[in-house]
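Below, each chain spelled out in residue letters.
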2 protein chains.
Amino acid sequence: MTDVTSKVAEQIEFLRGLRQIRQLKPEPIPADALRDILEVARWTGSARNIQPWELIVIHDRATLQKLGTIPDGRGPHLVNAGAGIALVMSGDLEHPDFDTYDEGRLSERIMLAAEAHELGSAIGWFKGGASDEAKRILGVPSVRLLRTIMSIGVVDAEGYDKRQRPAQPRKSLADIVHQERW
Amino acid sequence: MTDVTSKVAEQIEFLRGLRQIRQLKPEPIPADALRDILEVARWTGSARNIQPWELIVIHDRATLQKLGTIPDGRGPHLVNAGAGIALVMSGDLEHPDFDTYDEGRLSERIMLAAEAHELGSAIGWFKGGASDEAKRILGVPSVRLLRTIMSIGVVDAEGYDKRQRPAQPRKSLADIVHQERW
């Protein structure tokens, strides 16, 4: 019983403790970690089980550098990532909410799988012209949606400790939870 | 080293193994499980850390019944859920993708936290008139976005075993992963 209880507590703490980590070291990430991350990504649930995603895994430092420095792009952490993972969504204009919602689910799982391997991860967002430029760099067809490119990497603990922290990292439960109705 | 390796493997398997479970028993869920689920939800990351969500926890069987039987609603599993959790998003029309992406991240974490407690969970979607009706039932202001209502509950193992399964539950890695570029 104690073992079961502690396993539950450990998994909840694992989930609760996930943070985005943008301070990464430009070192390779272990192949088994990357394999696990992709496997967890692959099994993500999606609306109608369409699995509206393809992933581009990027190790090339020059490409990561280009992606991380796109004007108006929001992924400067890619410059020092061990690997980038571009989430190329279907671009289905009839169901844009499927793409976006499933992209969120997929991102969360990739971050958690990285965390399981004690790697850091961060979400880069590319919209408008920045997305077009990212597509050009990666050769992604213009009809697809490319908005999220994730960084995975070895944590730069010193840089992470020095980061700016918000005064209130999260709202309290009392602020966000209603019972039975609004 | 073995302990660390097995812990990583356990967490990856936990993530990889998550499935939506719509076959639930109309039994109460433990208070500590619900508390953990809400705590994990609360710590979900969001675009610009806006945390654009409020949650309504629903135990009342009559309300769950009403929500689960809304015409054109997509949450029949709510009828037998131990609890429902409505994800009320900001409704910010300038950044609808923030709401939707963060809603996806939040949903995934709620499902995983339920899984940690060996509870089943499922996503119900309500759009158009079905969303309006869900808002009316729960008293949610019309300017908010209410699309996702999740079921949490004790798994009906027999019903789950008899479910229809897709021929190919997920695409293979070869089908979805590109190296370096598209």
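Residues numbered from 1 in each chain as written. Chains lettered and ligands numbered in written order. Predicted model: local features only at pLDDT ≥ 70, side-chain atom pairs only at ≥ 80, totals over all residues. Heavy atoms only, no water.

## Details of the pattern of salt bridges
Tallying each qualifying case throughout the model produces 22 salt bridges over all chains. Note that Arg105 of chain B is salt-bridged to Glu108 of chain A, the shortest N-O span being 2.6 Å. One end of the pair, Arg105 of chain B, is in helix H4 (residues 96–116); the other, Glu108 of chain A, is in helix H4 (residues 96–116), on a second chain. Glu108 of chain A sits in the buried class, given a relative accessible area of 0%. Between Glu133 of chain A and Arg136 of chain A there is a salt bridge whose closest N-O contact spans 2.9 Å. On the criterion of helical spacing, the pair formed by Glu133 of chain A and Arg136 of chain A is a turn pair, its members being 3 residues apart in helix H5 (residues 129–138). Assessed through its relative accessible area of 26%, Glu133 of chain A is described here as partly exposed. (Salt bridge = Lys/Arg side-chain N within 4 Å of Asp/Glu carboxyl O. Helix = DSSP H or I, 4+ residues; strand = E, 2+ residues; numbered from the N terminus. Buried < 20%, exposed > 50% of the residue type's maximum accessible area, 1.4 Å probe, protein only.)

## Thoughts on the interface of chain A and chain B
How big an interface is tends to be stated in terms of the accessible area lost upon association of its parts. The interface is formed by 72 residues belonging to chain A together with 72 residues belonging to chain B. Both faces combined, the contact of chain A with chain B buries some 6,900 Å², and carbon together with sulfur accounts for 57% of it. On the chain A side of the contact with chain B, Tyr101, Arg170 and Trp182 of chain A bury the most area, a combined 13% of that side's loss. Taken together, the links from chain A to chain B amount to 8 salt bridges. Between Arg109 of chain B and Glu108 of chain A there is a salt bridge, and its shortest N-O distance comes to 2.8 Å. Taken together, the links from chain A to chain B amount to 44 residue pairs in polar contact (both at pLDDT 80 or more). Ranked by residue count, the leading element in the side of chain A that touches chain B is H4 of chain A, at 14 residues. Looking at side-chain class alone, the side of chain A that touches chain B contains 33 nonpolar, 16 polar and 23 charged residues. Pairing of strand S2 (residues 53–58) of chain A with strand S6 (residues 177–179) of chain B, which is carried by 3 bridges, proceeds in the parallel orientation. In the sheet register, Val57 of chain A faces S6 of chain B, and the bridge partner there is Gln179 of chain B. (Contact = heavy atoms within 4.5 Å. Buried area = accessible area lost by both parts, 1.4 Å probe. Polar contact = N/O pair within 3.5 Å; in protein donor to acceptor, adjacent residues only side chain to side chain. Nonpolar A, V, L, I, M, F, W, Y, C, P; charged D, E, K, R; others polar. Pairing = 2+ DSSP bridges.)

## Re the pairing of strand S3 (residues 83–89) of chain A
Residues and elements named next belong to chain A. Buried residues dominate S3, accounting for 7 of its 7 residues. The pairing of S2 with S3 spans 6 bridges and is antiparallel. Residue pairing for S3: Val57 is matched across the bridge by Ile85. The pairing of S3 with strand S5 (residues 145–155) spans 7 bridges and is classified as antiparallel. What sits directly across from Gly84, in S5, is Ser151.

## Thoughts on H5 of chain A
Residue and element names in this part refer to chain A. When we look at burial in H5, the residues that qualify are Ala130, Ser131, Ala134, Lys135, Ile137 and Leu138. Along H5, the residues classed as buried sweep out an arc of 160 degrees about the axis, all on the same side. Away from its buried face by more than 90 degrees, H5 exposes Gly129, Asp132 and Arg136. In this structure, the buried residues of H5 make contact with S2, helix H3 (61–68), S3 and S5. A positive phi of about 75 degrees marks Gly139, the residue just after H5. (Arc of directions from axis to C-beta.)

## Topic: the relation of the copies chain A and chain B
Note on the identical chains: chain A maps onto chain B by a rotation of 180 degrees and an axial translation of 0.0 Å, with an RMSD of 0.0 Å. Viewed as a symmetry operation, the transformation between the two copies matches a two-fold axis. Mapped onto chain B, 100% of the interface residues of chain A are again interface residues, and the two copies thus contact each other with one and the same surface. (Least-squares fit on C-alpha atoms with pLDDT ≥ 70 in both.)

## Thoughts on the packing of aromatic side chains
Here the distance between the centres and the angle between the planes together describe a pair of aromatic rings. Applying the stated criterion across every chain, the model contains 4 aromatic pairs over all chains. On the numbers, 5.0 Å between centres and 80 degrees between planes, the contact of Tyr101 of chain A with Trp125 of chain B is edge-to-face. Of the two residues, Tyr101 of chain A sits in helix H4 while Trp125 of chain B sits in strand S4 (residues 120–125), which places them in two different chains. For the pair formed by Tyr101 of chain A and Trp125 of chain B, the shared burial category is buried. Aromatic ring contacts, followed pair by pair, group Phe98 and Tyr101 of chain A together with Trp125 of chain B into a single cluster. Residue placement shows Arg163 of chain A over the ring face of Tyr160 of chain A; its charged tip is 3.8 Å from the ring centre. Against the face of Trp125 of chain B rests Arg147 of chain B, its NZ or CZ located 5.2 Å from the ring centre. (Phe/Tyr/Trp six-rings, centres within 6.5 Å; stacked < 30°, edge-to-face > 60°. Lys NZ or Arg CZ within 6 Å of the ring centre and 35° of its normal.)

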